[in-house]
Amino acid sequence: MMVMSGNRERVVFVVGRPGDESLITGGTIARLRSDGALVSVLFGAVGDQPDSSTRTALAELDVTEWAVVPAASGGSIDDDDRELDAFLATLLRRIEPTAVVIGTDDDRLRSALTHAAMDAGTPVFVSRRVSSSASQRLTAIDVTAQVDQKLRAIAAYPGRWSVVDHTAHEPDGAVLAITGSEAYAQTSVGNRAGRADAEPDVTPVGRAAAAVLALIVGAVFGMLGTVAHQTTVSVFGWAFPIGLILAILATGALLVGLRLVLHDRLAVLGAALGMLGTIFLLSLKSVGGSVLIPAGTLGLVWTVVPALVAALVLAWPQLPPRR
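Residues numbered from 1 in each chain as written. Predicted model: local features only at pLDDT ≥ 70, side-chain atom pairs only at ≥ 80, totals over all residues. Heavy atoms only, no water.

Bringing the overall build of the protein into the picture now. When helices and strands are counted, the protein shows ten helices and twelve strands. Taken over 323 residues, the protein has a buried fraction of 40%. The contacts of the protein with a sequence gap of at least 6 include a subset with a gap of at least 24, amounting to 75%. When the accessible surface of the protein is totalled, it reaches about 16,600 Å², and 62% of it is carbon and sulfur. (Helix = DSSP H or I, 4+ residues; strand = E, 2+ residues; numbered from the N terminus. Buried < 20%, exposed > 50% of the residue type's maximum accessible area, 1.4 Å probe, protein only. Contact = heavy atoms within 4.5 Å. Areas by Shrake-Rupley, 256 points an atom, 1.4 Å probe, with all protein chains shown as cover.)

So, on to the sheet that holds strand β9 (residues 175-177). Read from one edge of the open sheet, three strands run β7-β8-β9, paired in antiparallel fashion. The sheet is open, and its two borders are formed by β7 (162-164) and β9, each paired with just one other strand. Neighbour-to-neighbour, the strand axes of this sheet turn through a mean angle of 25 degrees, independent of strand direction. Of the pairings in the sheet, the one linking strand β8 (residues 167-169) to β9 comprises three bridges and is antiparallel in character. Of the residues in β9, the one forming a bridge with His169 is Val175. (Pairing = 2+ DSSP bridges. Axes fitted to C-alpha atoms, helices over the stretch in contact; angles between N-to-C directions.)

The terminal C-alpha atoms of helix α9 (residues 265-283), which comprises 19 residues, lie 26 Å apart, in line with the 27 Å expected from a rise of 1.5 Å per residue. Regarding α9, the residues found buried are Ala267, Val268, Gly270, Ala271, Ala272, Gly274, Met275, Thr278 and Ile279. Put simply, Asp264 is the residue that caps the front of α9, since its side-chain oxygen is 3.0 Å from the backbone nitrogen of Leu266. (Expected span 1.5 Å × (residues − 1). Polar contact = N/O pair within 3.5 Å; in protein donor to acceptor, adjacent residues only side chain to side chain.)

Scanning the model with the defined rule gives seven salt bridges in all. The shortest N-O distance in the salt bridge between Arg33 and Asp62 comes to 3.1 Å. One end of the pair, Arg33, is in helix α2 (residues 26-34); the other, Asp62, is in the loop between α3 (52-60) and β3 (65-68), and 29 residues separate them in sequence. On the accessibility criterion, Arg33 (22% relative accessible area) is partly exposed. (Salt bridge = Lys/Arg side-chain N within 4 Å of Asp/Glu carboxyl O.)

Structural data, given as structure tokens:
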């Protein structure tokens, strides 16, 4: 996170009250959105609640997804903590963020969110404006190009600030400078990789077993496709190769599905070897002289296209992560 690597970032910003998202992290939010990243803003339950000013500010930052932490139910402190933990865990599972940014000094919310992010394997960053540790290494984000957006978002809260040039003036006379840099301290990297496109944490034995199973499944698909690929239906006097089309779609779906679900090329390779090996064996003449893949256009397509699909799926650098 915080490297501005484009639209594969999914970042949750957590602030205490409406307006803080603009003042504390507005430049970073705007920059992430300009790069196509998915951004969600979570507001604390104590104090002001989001209103029309909030919607205006979020629109300036190009943010459409936001939520509010549920207010305490009025039960015991332990019950309230469990409800907050459950809410945050559900939120992180739904969004699957690549990072969480904290812009609130609410210790209870910060602690609960940090633990939830660690359980999800998600790195946590705290804004320098709310961080109390001077010893932490800071990551500075250049938001010079987003300063005007940030100023317009801040100005959407006239009850909190009045914007003059590159400063925000509070009603009590305090003046806050709006610069082209926002800094964050990383407090946690989680206990797992945390990214949706990371390789699953499986043992070598598990990978090998998955590859063997994929080999068998690939062989079955290759056999069924070989049997069906010569099937045609007559459409206005033209033999439509329905069997070939379905066979190619089925084998392609198998390979792509394995890559999407397992994120492991070894399993895809196993399925491809089983499939292509079966197609090759069935293309040979039997003892009686018969063949299941006769010479011709259909047979040629069936022997070539699955190999090309397998090569493409195996060579693809990274399939898009599930959102």
